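Geometric and topological summary
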Amino acid sequence: MRNFRNILVVSFILLFFLAITGQAIGHLKINSSASSLPFNDKQYEKTTWQEFYKLDEVNKPIDLLNPDYDLLAAAVFYATNEYRESKNLPQFKYSRDLRDAADNQAREMNDSSFFGHNNRKDTANYTPRQRIKNTGGRYFIIAENLGRIILHKINNPKDYYAMKGENIVSQTEYKYFDKKIKEELPIETYLEFGKKTIKQWLENKEYNANLHSLHFSHLACSVALPRQPFKYKKLPLGLVSATFGGYKLN
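About the criteria used
Residues numbered from 1 in each chain as written. Predicted model: local features only at pLDDT ≥ 70, side-chain atom pairs only at ≥ 80, totals over all residues. Heavy atoms only, no water. Core = buried A, V, L, I, M, F, W, Y, C linked by side-chain atoms within 4.5 Å. Buried < 20%, exposed > 50% of the residue type's maximum accessible area, 1.4 Å probe, protein only. Helix = DSSP H or I, 4+ residues; strand = E, 2+ residues; numbered from the N terminus. Expected span 1.5 Å × (residues − 1). Patch = residues over 30% accessible without salt bridge, like charges linked within 9 Å, V, L, I, M, F, W, Y side chains within 5 Å. Areas by Shrake-Rupley, 256 points an atom, 1.4 Å probe, with all protein chains shown as cover. Salt bridge = Lys/Arg side-chain N within 4 Å of Asp/Glu carboxyl O. Axes fitted to C-alpha atoms, helices over the stretch in contact; angles between N-to-C directions. Parallel < 35°, antiparallel > 145°, perpendicular 65-115°, else oblique. Left-handed = near helix turned anticlockwise from the far one by under 90°. Contact = heavy atoms within 4.5 Å. Nonpolar A, V, L, I, M, F, W, Y, C, P; charged D, E, K, R; others polar. pLDDT = per-residue confidence, 0-100. Phe/Tyr/Trp six-rings, centres within 6.5 Å; stacked < 30°, edge-to-face > 60°. 1 Å grid on protein atoms, 1.4 Å probe; cavity = no way out; pocket = protein on both sides within 12 Å on 5 of 7 lines; lining within 4 Å. Points joined across faces, edges and corners; volume = space filled by probe spheres on them.

**Regarding the nonpolar core**
Within the largest apolar cluster, 56 residues are counted, with the highest numbers of intra-cluster contacts made by Tyr44, Phe52, Ile62, Phe77, Tyr78, Phe193 and Trp201. With 10 residues, the single largest contributor to this core is helix α4 (residues 69-86).

Right under this line is the structure:
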C-alpha cells in the first residue's frame, strides 16, 4: 500500500513538471513566431528606422511569388526617414488614412496597367486629394510620389537578357541574366527596394522637393507587384505610391 502511495506521489510530481515545461515550451514558440507577424500599424509607432533595418526579414530577397506587401511598404517608409534624418529634417509620422489612399493607387495602377497621379478608371478617386479624403484623411496640404522600381539587382536596365528553360515546366516563365557575366540576376531585398525607391525620387524634381519639405509631417507608402512576375521578357517592376500630408486638420 505504501509503495502504491509512493508511486502516486512520484507520478503527480512528474505530471506537474511536464505541465510546467509544456507551458514554457509553448511560450517560447509564441515568442519565436513574433518576428514573422505582419508589419502592422502599431509597429510603426514603436520601431525606428535603425531597428527596422536590423530585422532579418528586411534583409532577405523579396519572394516575388509570395511578397510581404506590408514589409515592402514599411521599407520605403523607413528608407525615407533614414534619408530625412541624414539631412537633419524631422522624420515623418505614419498615418493609416494615407496608407489606405496609397494602397488604392498602387493597386489600381497595377490592375489597370497605368502609371500616373490621376486614376481615370475611378472618378471618385481621380486625384490624390480625393483618395485621401475618401479614406478619412484631413490635411491642409497633400502630395503623392510614385515609382516604378526594377525588382532585380542591375546597374543598367539594358544589360540583361531574358530566357526560358528547355523543359516543359520552365517554359511558362522567364529568367533574367546579366549580359556580361551570364549569371542570373539576383532579386533585391526588401531594404534595398526601399533605398532604391528613394534614389529614384531624388532624380525627380517634384518628388525630391516632397522628400525635403518641412510642410509635410505624415507619410504612408504602398507597393504593388505583378501577379505573374516572370511572364514577360521585360524585367518585372514594383509600383510604389506614397502619400504625404501636412498640417493635419481636426
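Further notes follow.
**Regarding helix α5 (residues 96-112)**
With 17 residues, α5 ought to run about 24 Å at 1.5 Å a step, and its terminal C-alpha atoms sit 24 Å apart, in line with that. The buried count for α5 comes to 12 of 17 residues, which makes it a mostly enclosed element. Turning to α5, its buried residues are Asp97, Leu98, Arg99, Ala101, Ala102, Asp103, Asn104, Gln105, Ala106, Glu108, Met109 and Asn110. At the C-terminal side of α5, Ser113 shows a positive phi close to 55°.

**A few points about a nonpolar patch on the surface**
Residues Phe140, Tyr247 and Leu249 make up a contiguous nonpolar surface patch of about 340 Å² in total accessible area. Here Leu249 is to be found in the segment after β6 (237-248).

**Digging into the packing of α4 against helix α7 (residues 190-202)**
Packing of α4 against α7 leaves a shortest axis separation of 8 Å and a crossing angle of 55°. On the basis of their axis angle, the class for α4 and α7 is oblique. Crossing hand, α4 versus α7: right-handed. Side by side, α4 and α7 meet where Leu71, Leu72, Ala75, Val76, Ala79, Thr80, Glu82 and Tyr83 of the first sit next to Tyr190, Leu191, Phe193, Gly194, Lys195, Thr197, Ile198, Trp201 and Leu202 of the second. Considering only residue class, the contact of α4 with α7 consists of 12 nonpolar, 3 polar and 2 charged.

**A word on the confidence of the model for the chain**
Across the chain, pLDDT averages 87, with 83% of residues at or above 70. The low-confidence segment residues 7-36 (pLDDT under 50) makes 2 contacts with residues lying over four places distant or belonging to another chain.

**Thoughts on the packing of aromatic side chains**
What the rule picks out here adds up to 15 aromatic pairs. Taking 4.7 Å as the distance between ring centres and 20° as the angle between the ring planes, the aromatic pair formed by Phe52 and Tyr78 counts as stacked. Taken together, the positions of Phe52 in helix α3 (residues 49-53) and Tyr78 in helix α4 put the pair 26 residues apart, joining distant regions of the chain. Taking relative accessible area as the criterion, Tyr78 reaches 1% and is therefore assigned buried. Each ring, one from Phe140 and one from Tyr247, has its centre 6.4 Å from the other, and the planes form 75°; the classification is edge-to-face.

**A word on the pattern of salt bridges**
Under the defined criterion, the tally for this structure stands at 11 salt bridges. Of the charged contacts, one joins Arg99 and Asp103 as a salt bridge, the two residues approaching to 3.1 Å between their closest N and O atoms. You can see Arg99 and its partner Asp103 sitting in helix α5, 4 residues apart, about one turn around the helix. Each member of the pair, Arg99 together with Asp103, is buried. Here Lys196 and Glu188 are joined by a salt bridge, their closest N and O atoms 2.8 Å apart. For Lys196, a relative accessible area of 21% translates into the label partly exposed. Glu188 sits in the buried class, given a relative accessible area of 7%. Several salt bridges converge on common partners, so that one network encompasses Asp41, Asp70, Arg96, Arg99, Asp100 and Asp103.

**Observations concerning the layout of surface pockets**
In this structure, the largest pocket occupies an estimated 590 Å³ of space. Every residue lining the largest pocket is counted, 19 residues in all, and those nearest its centre are Pro226, Tyr232, Leu235, Pro236 and Leu237. Where the lining of the largest pocket is concerned, the elements lending two or more residues are α5 and β6. A breakdown of the residues in the lining of the largest pocket according to their chemical character gives 12 nonpolar, 3 polar and 4 charged. Put simply, the second largest pocket is a space of about 320 Å³. Forming the walls of the second largest pocket are Arg148, Ile149, Ile150, Lys153, Ile154, Asn155, Pro157, Glu188, Lys196, Lys199, Gln200 and Glu203. Of all the secondary structure elements, the ones that give two or more residues to the lining of the second largest pocket are β2 (139-150) and α7.

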